[in-house]
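Residues per chain are reported as follows:
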Amino acid sequence: MLENLVSSHGMIISGAILLIAYIFIASEKIQKSVVALVGASLTMVLGLLPCHSHIDPTTGAYVKGVFEYISFDVIFLLIGMMILVHIASRSGVFKWMAIGLLKLTKGHPKMVLFTLAAFTAVASAFLDNVTTVVLMMPVTFVIAKEFDTDPIPFLITEVLASNIGGTATLIGDPPNIIIGARAGLSFMDFLNELTVIVALIFLTVVSVLIFLFRKSLKSTPEKMAHVANLDNSKTITDKGLMIRSMITLALVILGFVTHDITHIDAYVFAVAGASFLLLFEKPKEIYRDVEWLTIFFFVGLFIIIGGFEANGGIAFLADKLIQFTSGSLDMATMLILWGSGLLSGIIDNIPYTATMAPLIAQVQHTIPYSGAGHHPLWWALSLGACLGGNLTIIGAAANVIVSETATVKGHPISFMRFMKYGALATFISLALSSVYLFVRYLH
């Protein structure tokens with residue numbers, strides 16, 4: 001009976017599991033990795049996804065098994081980069097870089113804010129956003145204390161800059177990793193297509209924030225001199241580790257950049273670099289700090305979405321999108337950009353992107369693109385999902401981390417205070433992205 005129910009109503013059942021998982025993820029009542037694994041278990045137990053790939057005896061069609069729906073290239077890229085960045089950060093090198101940049105500003109508050117934002121944005125393009133803001137927060141609190149000012153304008157600017165900077169590369173933000181794996185986009189594809197617009201968005205948003213925070217960005221000559229002369233001589237705690245990890249990280253990024261020549265996937269370089277650095281560490285200590293909750297969240301989510309895809313759910317949504325846009329590439333691109341931007345500010349952008357990626361993969365064949373480069377729908381999804389994370393304080397993991405840490409430090413950031421600046425940053429970002437996509441691909 002269960003088998004008949006699943007075979008006749010598989011799309012509805014798998015869609016219900018996906019929708020309920022979304023609701024629980026958004027409510028944050030249960031840890032999201034647990035929600036994803038429970039949903040994945042239900043998908044498997046109900047037979048919505050077969051355990052193994054096989055040939056259907058009645059139709060002769062090839063049926064994919066559960067493991068073919070899990071993007072292991074995404075999983076291994078995440079694990080490799082988490083290990084690499086964690087080991088490198090133990091040397092104090094990222095804090096050393098941040099303080100070194102601050103000394104160049106001569107302690108001018110507006111220049112300090114711009115420098116912190118620029119460093120955070122660039123770092124977020126090559127490290128994950130959460131790691132970047134975690135590394136930047138201690139420096140930020142020190143600087144705010146030296147200026148005797150509220151650290152919240154600095155923290156809000158940094159987290160918005162982090163989400164903007166992470167949009168520029170394959171590894172900067174988890175949605176891009178998912179998009180890259182599904183669309184076959186390389187590190188250089190992201191860099192070539194998104195760097196210019198991301199840089200423009202960054203400069204515009206940070207300029208607006210500096211203007212809005214101008215009353216908080218004041219200091220005395222004595223305090224400015226103190227910040228300009230911060231002692232950075234003891235920030236590096238392990239010089240050997242710093243040299244080793246920086247060379248390894250540079251080689252891994254070089255591997256990403258040369259993908260079009262070597263045709264070796266990004267996750268191979270990430271895992272190779274992590275493996276090398278682990279030779280000099282105590283692996284148990286390093287593995288303990290890998291964000292396993294995020295990894296299991298991805299695995300569970302891929303299985304839930306795989307169940308929905310296998311039962312025709314993605315194809316159904318793709319048809320509806322094509323009908324709604326009347327097959328218009330312009331309308332579909334703008335709908336995905338703005339829809340992704342708004343939805344990613346309300347729900348986690350990772351499950352949203354994981355659901356949309358197979359949808360775009362189907363739609364792109366029905367709404368053809370004859371221009372140069374990859375289909376613009378992928379870039380609309382990337383820009384919308386990553387930049388939309390700035391809309392609310394729960395829109396991206398980096399936002400939540402900064403908010404929680406600030407509260408512990410006695411500087412709580414309210415939902416509405418963050419949204420006042422986040423919504424403006426998101427609107428500016430999506431408006432500029434709309435112009436870019438139209439001029440670059442649709443005109």
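Residues numbered from 1 in each chain as written. Predicted model: local features only at pLDDT ≥ 70, side-chain atom pairs only at ≥ 80, totals over all residues. Heavy atoms only, no water.

Things to note about the overall build of the protein
For clarity, the threshold we go by: Going along the chain from the N terminus, every DSSP run of H or I of four or more residues is numbered as a helix, and every run of E of two or more is numbered as a strand. A radius of gyration in this sense is built from C-alpha atoms; the matching globule rule multiplies 2.2 Å by the number of residues raised to 0.38. Relative accessibility thresholds used throughout: buried, under 20% of the residue-type maximum; exposed, over 50%; partly exposed, between the two (1.4 Å probe, protein chains only). Contacts are assigned to residue pairs that have any heavy atoms within 4.5 Å of one another.
On a plain count of helices and strands, the protein comes out with 21 helices and two strands. Against the compact-globule benchmark of 22 Å for 443 residues, the protein has a radius of gyration of 23 Å, which places it among compact chains. Taken along its principal axes, the extent of the C-alpha atoms in the protein is 80 × 50 × 45 Å. Here the protein, with 443 residues, has 53% of them falling under the buried criterion. Across the protein, every contact between residues at least 6 apart in sequence was considered, and the portion connecting residues at least 24 apart equals 78%.

Looking at the packing of helix α17 (residues 329-346) against helix α21 (residues 415-442)
Test applied: Under this scheme, a helix contributes an axis fitted over its contacting stretch, all axes are lines through C-alpha atoms, and angles between N-to-C directions fall in the 0 to 180 degree range. Orientation labels follow simple angle bins: below 35 degrees gives roughly parallel, above 145 gives roughly antiparallel, 65 to 115 gives roughly perpendicular, and whatever is left gives oblique. Two helices cross in a left-handed way if the nearer one is turned anticlockwise from the farther one by less than a right angle. They cross in a right-handed way if the turn is clockwise. Each residue gets one of three labels, nonpolar for Ala, Val, Leu, Ile, Met, Phe, Trp, Tyr, Cys and Pro, charged for Asp, Glu, Lys and Arg, and polar for the others, Gly among them.
Packing of α17 against α21 brings their axes to within 11 Å, and their N-to-C directions diverge by 155 degrees. On the basis of the axis angle, α17 is roughly antiparallel to α21. As α17 packs across α21, the resulting crossing turns out to be right-handed. Residues L329, D330, T333, M334, L337, W338 and G341 of α17 form the contact with α21, whose participating residues are F427, L430, A431, S433, S434, L437, F438 and L442. Here the contact of α17 with α21 is built from residues that sort into ten nonpolar, four polar and one charged.

Topic: empty space enclosed by the protein
Defined as follows: Residues are called lining when one of their atoms sits within 4 Å of a cavity or pocket point, these points coming from a 1 Å grid over the protein atoms alone, where a cavity is a set in which a 1.4 Å probe fits but cannot get out and a pocket is an open set with protein on both sides within 12 Å along at least five of seven lines. Grid points are joined across faces, edges and corners, and a volume is the space filled by probe spheres set on the points.
Per the stated rule, a full pass over the model turns up one cavity of 30 Å³ or more. Along the walls of the largest cavity sit F94, F119, A123, L127, T132, L135 and M136, which together make up its complete lining. Looking at the lining of the largest cavity, the elements with two or more residues in it are α5 (109-126) and α6 (129-147). Broken down by element, the lining of the largest cavity gets its largest block of residues, three residues, from α6. When its residues are assigned to classes, the lining of the largest cavity shows six nonpolar, one polar and no charged.

Regarding helix α4 (residues 93-104)
The line we're drawing: To estimate how far a helix should reach, multiply one less than its number of residues by 1.5 Å.
Here α4 is twelve residues long and its end C-alpha atoms lie 17 Å apart, about the 16 Å a rise of 1.5 Å per residue gives. The inward-facing, buried residues of α4 abut α3 (72-89), α5, α6 and α11 (239-257). Once α4 finishes, K106 follows within two positions and takes phi at roughly 60 degrees, a positive value.

Some words on the packing of α3 against helix α15 (residues 292-310)
In the contact formed by α3 and α15, the axes pass within 10 Å of each other and the chain directions differ by 175 degrees. The angle between α3 and α15 places the two elements in the roughly antiparallel class. Contacts from V74, I75, L78, I79 and M82 of α3 reach α15 at W292, T294, I295, F298, V299 and F302. Residues belonging to the contact of α3 with α15 are distributed by class as follows: ten nonpolar, one polar and no charged.

Quick look at the packing of aromatic side chains
Test applied: Working definition: a ring pair exists when centres of Phe, Tyr or Trp rings (six-membered ring for Trp) sit within 6.5 Å. Plane angles under 30 degrees give stacked, over 60 give edge-to-face, the rest tilted. Here, over-ring charges are defined by two tests on the NZ atom of lysine or the CZ atom of arginine: distance to the ring centre within 6 Å, and angle to the ring normal within 35 degrees.
This model, assessed by the stated rule, comprises 13 aromatic pairs. With a centroid separation of 4.6 Å and 45 degrees between ring planes, the pair formed by F213 and Y421 is classed as tilted. You can see F213 sitting in the loop between α9 (187-212) and α10 (221-228) and its partner Y421 sitting in helix α21, a full 208 residues away along the chain. For F213, a relative accessible area of 3% puts it in the buried group. Of the aromatic side chains, those joined through ring pairs into one cluster are F72, F76 and Y267. One residue, R244, lies across the ring of F280, its end atom 4.3 Å from the ring centre. We note K409 situated over the ring of F141; from NZ or CZ to the ring centre the distance is 5.6 Å.

Notes on the layout of surface pockets
When its volume is computed, the largest pocket comes out at roughly 1,200 Å³. Around the largest pocket, the lining is made up of 47 residues, and of these K32, V130, E291, T294 and A397 lie nearest the centre. Every element with two or more residues in the lining of the largest pocket is listed here: α1 (2-27), α2 (32-45), α3, α6, α8 (174-183), α15, α18 (349-366) and α20 (397-408).

Focus on the pattern of salt bridges
Worth spelling out the cut-off: A pair is scored as a salt bridge if a Lys or Arg side-chain nitrogen falls within 4 Å of a carboxyl oxygen belonging to Asp or Glu.
Taken as a whole and judged by the stated rule, the model has five salt bridges. Salt-bridge contacts for E309 lead to R182; the nearest nitrogen and oxygen are separated by 3.1 Å. Highlighted residues: E309 in helix α15 and R182 in helix α8, separated in sequence by 127 residues. R182 gets classed as partly exposed once you look at its relative accessible area, which sits at 38%. The salt bridge partner of R440 is E193, with a shortest N-O separation of 3.0 Å. Taken as a pair, R440 in helix α21 and E193 in helix α9 lie far apart in primary sequence, 247 residues in all.

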